[in-house]
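Each chain, written out:
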Amino acid sequence: MNVKYTGRQESITPAVRKQVETRLRKIKKVLGTRAVMEVRVVLTQERHVHHAEINLNVFDHSLSADAGAPEMILALGESLDRLETQALKQKARWRVKTRRMRPASARSIKTLAVLPAA
């Protein structure tokens, strides 16, 4: 898991790194342990609003979340929540896509002999 942090008018504290990495471990469990993830975390501050933007690339799919809040930890938590829901939806799509029954022409002869004729 490659995580790149960028702070624009904002410093990256160890507490921020710890929160991001613990939540990304949870997301990695959802997407699969073999998933190679590249993550970009961009933290910005505009006046009194902190923004956290997280872009995640896994298996040629990109997931992104952006959130703003008065405190950086709150903005980061909200964007990680959004990223987690996107990961769950993507995992469900993969599951539905891979569980479809193959067409009869692609099945083996043994499988066709076991199936009842319709």
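Being a predicted model, the structure only gives us computed values, none of them experimental.

Draft legend 1. Structural detail: the overall build of the protein. For the protein, the count of helices and strands is three helices and four strands. Beginning at the N terminus, the succession of helices and strands in the protein can be written as β-α-β-β-β-α-α. Within the span of the protein, comprising 118 residues, buried residues form 32% of the whole. Considering only contacts within the protein whose residues lie at least 6 apart along the sequence, 46% involve residues at least 24 apart. Here the protein has roughly 8300 Å² of accessible surface; of this, 53% comes from carbon and sulfur atoms.

Draft legend 2. Main features of the pattern of salt bridges. What the rule picks out here adds up to four salt bridges. With a closest N to O distance of 3.5 Å, Glu84 and Arg23 form a salt bridge. Remark: Arg23 occurs in helix H1 (residues 14–31) and Glu84 occurs in helix H2 (residues 72–98); sequence separation between them is 61 residues. Across the pair Arg82 and Glu78 runs a salt bridge whose closest N-O atoms are separated by 2.8 Å. Placement of both Arg82 and Glu78 in helix H2 is noted, with a separation of four residues, approximately one turn of the helix. For Arg82, a relative accessible area of 38% gives the class partly exposed. We classify Glu78 as partly exposed; its relative accessible area is 31%.

Draft legend 3. Up close: H1. With 18 residues, H1 extends 25 Å between its outermost C-alpha atoms, agreeing within 8% with the 26 Å of an ideal straight helix rising 1.5 Å per residue. Within the span of H1, buried status applies to Val16, Gln19, Val20, Arg23, Leu24, Ile27 and Leu31. Mapping the buried residues of H1 onto a view down its axis gives an arc of 120°, with all of them on the same face. Counted as exposed and oriented over 90 degrees from the buried face of H1: Pro14, Lys18 and Lys29. Among the residues trailing H1, Gly32 stands out with phi positive, at a value near 120°.

Draft legend 4. Expanded view of the environment of Pro70. Mapped onto the elements of the fold, Pro70 is located in the loop between strand E4 (61–69) and H2. Note on Pro70: relative accessible area 62%, which makes it exposed.

So, how was this worked out
Residues numbered from 1 in each chain as written. Predicted model: local features only at pLDDT ≥ 70, side-chain atom pairs only at ≥ 80, totals over all residues. Heavy atoms only, no water. Helix = DSSP H or I, 4+ residues; strand = E, 2+ residues; numbered from the N terminus. Buried < 20%, exposed > 50% of the residue type's maximum accessible area, 1.4 Å probe, protein only. Contact = heavy atoms within 4.5 Å. Areas by Shrake-Rupley, 256 points an atom, 1.4 Å probe, with all protein chains shown as cover. Salt bridge = Lys/Arg side-chain N within 4 Å of Asp/Glu carboxyl O. Expected span 1.5 Å × (residues − 1). Arc of directions from axis to C-beta.

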